[in-house]
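Summary of structural features
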Amino acid sequence: MRLSPRRRRRIAQAVGYLVFALVIAVVVAAADWGRLSEAFFRLDIARGMFPGAITVALRNTIVYTLLAFVFGLTLGLILALMRLSSIPPYRWFATAYIELFRGLPALLVLFMVGYGVPLAFPDREIPGGVYGSVTVGLGLTAAAYMAETIRAGIQAVPKGQLEAARTLGMSHTRAMISIVLPQAFRIVIPPLTNEIILLTKDTSLVYVLGVTATTIELTKFAGDTLNTRVNPTPLVVAGLLYLLITLPMSQLVRGLERRAGRER
Amino acid sequence: MSTIEIEGLHKSFGALEVLRGIDLAVEPGEVVCVIGPSGSGKSTLLRCVNLLEQPTAGTIRVAGVEVTDPDCDIDAVRRGIGMVFQQFNLFGHLTVRENVTIAQRRVLKRGRAEADRITAENLRRVGLAEKAAAYPAQLSGGQQQRAAIARSLAMSPRLMLFDEPTSALDPELVGEVLAVMRALAGEGMTMLVVTHEMAFAREVANRVVFMDAGVIVEQGPPAEVFGRPREERTREFLHRVLEPTRVRPAD
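Residues numbered from 1 in each chain as written. Chains lettered and ligands numbered in written order. Predicted model: local features only at pLDDT ≥ 70, side-chain atom pairs only at ≥ 80, totals over all residues. Heavy atoms only, no water.

Chain B is annotated in an unreviewed UniProt entry as ABC-type polar-amino-acid transporter from Actinoplanes campanulatus. Recorded under Catalytic activity (unreviewed entry), the UniProt text for chain B is reproduced unchanged: "a polar amino acid(out) + ATP + H2O = a polar amino acid(in) + ADP + phosphate + H(+)". (UniProt positions renumbered as here; feature names shortened; annotations may be inferred.)

As annotated in an unreviewed UniProt entry, chain A is Polar amino acid transport system permease protein from Actinoplanes campanulatus. Database annotation for chain A, UniProt heading Sequence similarities (unreviewed entry): "Belongs to the binding-protein-dependent transport system permease family."

Dropping the structure here:
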């Protein structure tokens, strides 16, 4: 018997749904739900984490993210301008920096800043204690990524914009500040927002610097509670709190990209 | 003193010699149209006048100031030279009003009230007073080009350079831009115009310059260049441009 193409398509689709439903059913049947909820969803343990989880851990996660982002963005902008400079040593330095810090694990850089710098410069210290070290430690890596993003943004601004500004008598610097950079930043807002999301997750590395009760962030906070209560529920709570930061930002990136797509 | 004096101008891009010895003077109040086939070096010549392209050899003086002198303050000279581009090059992140105002404020250091007044004046002049709050992307090509002309005029230039100002426009929008340029010529503005609009060159120009392969082949009043071209290359070009339906494949 020959099937019409339409019937064949319907049958293939039905099989697809059926396989999916079967897999779900098997997983649900096989799981020990009592054990699972005992391990991951103990409401009493979750409740015990508040308000500290928000007032200290979540707050510090956000503060670390913002500090590293501002540091990284500033340094990234300088590096991007150096990469586009007409003076070759600037270009060499920026290229070397970007290649170096993109190739190193963020954790290694954080160790370097937290332990290497104090040993190398015993009489100096990075101002701001842990906050300062985190800012520099995570910001150095973020700057390398953001420099490349910003450079691409600057190069995406049509050359005619700079020419028009120069013919009006603006200096190169003035034209960059008033005309090129504002348009470049509009272009790079979506990728930079992605960079904040990555930074948010990288703040989980901060524990290696030895944080205290007041400088603790989400992952360390959850880890400590896991150790004292011998139950992984805190990990679920921390995960949900991370999503509380990152999901709205992903949503924001999608919105910005849609808007940018319309303007083109 | 001539507004533009060009002597022995050469320009190469790598091995490609685009300008091969140009001598040209433009007098105050004169409208000079440069015509010629694409690749003849017209736009490069125009872009050398305000040093958007650095000449390989030769001297260029604008209002007596030698712009090819390495010690020349080119930003200061450019303030007095308006330039209109084929692609308009309006600043996309600024409204029409801000486009016209920004260089007045940042370069000429005019006060806000004075700059706003001059902006309004020039937007009226190009017929865009009601579009002051719009962004470039919301305008038609013709409106964008008129806004770009207003942006240049607001700097009170002594000379306007036009680089194929209507070549990127839909045919029905060409007229409104040419009308603004014609009015400008009528007010006595010194203009150097690279164009494919032969009717405009014929009616508005004081002098037409025909370029081919990096040199000026001939120049003169439009009636002569269009009516009685002396050079064979000019005749052939005008035939192709003015009577495109009569060109045979062998030509």
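The discussion continues.
**Examining the packing of aromatic side chains**
All names here are of chain A. Applying the stated criterion across every chain yields a total of five aromatic pairs over all chains. On the numbers, 6.4 Å between centres and 35° between planes, the contact of F93 with Y97 is tilted. Of this pair, F93 and Y97 both sit in helix α5 (residues 88–103), separated by four residues, roughly a single helical turn. You can call F93 partly exposed: its relative accessible area is 47%. Ring plane angle 35° and centroid distance 5.9 Å describe the contact between F111 and Y115, whose orientation is recorded as tilted. Here F111 and its partner Y115 are both found in helix α6 (residues 106–120), four residues apart, which amounts to about one turn of the helix. F111 sits in the partly exposed class, given a relative accessible area of 37%. What links up through ring pairs into an aromatic cluster is the set F93, Y97 and F101. (Phe/Tyr/Trp six-rings, centres within 6.5 Å; stacked < 30°, edge-to-face > 60°. Helix = DSSP H or I, 4+ residues; strand = E, 2+ residues; numbered from the N terminus. Buried < 20%, exposed > 50% of the residue type's maximum accessible area, 1.4 Å probe, protein only.)

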